[in-house]
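Structural overview for review
Each chain, letter by letter, is given below.
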Amino acid sequence: MLVVSLGGSPSAKSRSNGLLEYARRRLELRGVEVISYQVRDFHAEDLLHANFASLQVRQFIEQVSRADGLLVATPVYKASFSGALKTLLDLLPERALQHKVALPIASGGTPAHMLAVDYALKPVLAALKAQEVLQGVFADDSQIQYLEECVRLVPDLEQRLNESLDQLLAALARRPKPIDPQLLNDRLVNARWSI
Ligand SMILES: Cc1cc2nc3c(=O)[nH]c(=O)nc-3n(C[C@H](O)[C@H](O)[C@H](O)COP(=O)(O)O)c2cc1C
């Protein structure tokens, strides 16, 4: 099982990325392979000029196409998700999330903007044809504390995130595997018909 994790914060020290790191460790303990990306690691020129030919972007697209699921986290900026994240999502092919499960995560300064995940990020994941977009997790800044290497989450947030990750694992497990067209073709060609 492969999950791509995508952090949408331009900040080096990022709360939303702390949530992603927590999620990555927990998924890896359950045997899921997680490949982590952050928008801030991409060349700004490629994102701002929509450089579809960028090697970095093409490798990202390739990993997303191989993945079973996408974990995406963003800070809330101006009551929406970060513009930096949008510049990268815009470079994905039209059906990039077809047959995949997506779990959106956001951190924001105020719970007043907790619905940003629902009205801003989820429609984009749906437009990319995600098979299932899970409920999502919102954390306000007071619930995330920085430590040396990682973040500490208040128990309520930790429990909500754990529950969402369990839902992600369940969704990944029940996800029907798309049939490889070549395999299907071989089976049809080699099938023995009897009347
Ligand atoms: C430019 C900017 C705009 C922001 N706008 C909002 C906002 O509209 N609503 C909100 O709840 N928080 C807002 N915040 C606060 C961030 O969403 C919050 O601190 C978040 O946890 C930062 O995540 P990060 O550390 O992963 O970048 C804003 C922060 C910045 C820097």
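Let us look at the structure shown here. These numbers come from a predicted model, not from an experiment.

**Description of the pairing of strand S7 (residues 137–140)**
- Because side chains alternate across S7, one face comprises the buried residues Val137 and Ala139, and the other comprises Phe138 and Asp140, equally buried.
- One ladder, built from four bridges, connects strand S5 (residues 101–108) with S7; its direction is parallel. Paired with Ala106 across the bridge in S7 is Phe138.

**Things to note about the packing of aromatic side chains**
- Scanning all chains against the criterion turns up three aromatic pairs.
- Plain terms: the ring middles of Tyr37 and Phe60 are 4.9 Å apart, the flat faces sit at 75° to each other, and that makes the pair edge-to-face. Note that Tyr37 is positioned in strand S2 (residues 33–38) and Phe60 in helix H3 (residues 55–66), a separation of 23 residues in sequence. In this pair, the class of Tyr37 matches that of Phe60, namely buried.

**Some thoughts on the pattern of salt bridges**
- A complete count under the given rule lists nine salt bridges for this structure.
- When the shortest N-O distance is used, the salt bridge between Asp90 and Lys86 registers 2.7 Å.
- Using a relative accessible area of 32% as the deciding quantity, one classes Lys86 as partly exposed.
- The partner of Lys122 in a salt bridge is Asp118, with the nearest N and O atoms 3.0 Å apart. Residue Lys122 and its partner Asp118 are located together in helix H5 (residues 116–127), separated by four residues, close to a single helical turn.

**Thoughts on the layout of surface pockets**
- Empty space within the largest pocket amounts to approximately 200 Å³.
- Along its surface, the largest pocket is lined by 14 residues, and Ser14, Gly18, Glu149, Cys150 and Val151 are the ones closest to its centre.
- By residue number, the principal contributor to the lining of the largest pocket is helix H1 (residues 15–29), which donates five residues.
- Its residues placed into classes, the lining of the largest pocket shows six nonpolar, three polar and five charged.

**Focus on the site of the ligand**
- Surrounding the ligand, one finds 18 residues, the nearest of these being Ser9, Ser14, Ser16, Val76 and Asp141.
- Contact distances for the ligand include 3.0 Å between an oxygen atom and a backbone N or O atom of Thr110.
- Between Asp141 and the ligand, the recorded distance is 2.5 Å, taken from a side-chain N or O atom to an oxygen atom.
- About the coverage of the ligand: the protein hides 73% of its 640 Å² of free accessible area.
- Residue assignment for the shell around the ligand shows that the elements contributing at least two residues are H1, strand S3 (69–77) and S5.
- Here the element with the most residues in the shell around the ligand is S3; it accounts for three residues.
- Of the residues contributing to the shell around the ligand, the split by class is five nonpolar, nine polar and four charged.

What counts, and at which threshold
Residues numbered from 1 in each chain as written. Predicted model: local features only at pLDDT ≥ 70, side-chain atom pairs only at ≥ 80, totals over all residues. Heavy atoms only, no water. Buried < 20%, exposed > 50% of the residue type's maximum accessible area, 1.4 Å probe, protein only. Helix = DSSP H or I, 4+ residues; strand = E, 2+ residues; numbered from the N terminus. Pairing = 2+ DSSP bridges. Phe/Tyr/Trp six-rings, centres within 6.5 Å; stacked < 30°, edge-to-face > 60°. Salt bridge = Lys/Arg side-chain N within 4 Å of Asp/Glu carboxyl O. 1 Å grid on protein atoms, 1.4 Å probe; cavity = no way out; pocket = protein on both sides within 12 Å on 5 of 7 lines; lining within 4 Å. Points joined across faces, edges and corners; volume = space filled by probe spheres on them. Nonpolar A, V, L, I, M, F, W, Y, C, P; charged D, E, K, R; others polar. Near = heavy atom within 4 Å. Polar contact = N/O pair within 3.5 Å; in protein donor to acceptor, adjacent residues only side chain to side chain. Areas by Shrake-Rupley, 256 points an atom, 1.4 Å probe, with all protein chains shown as cover.

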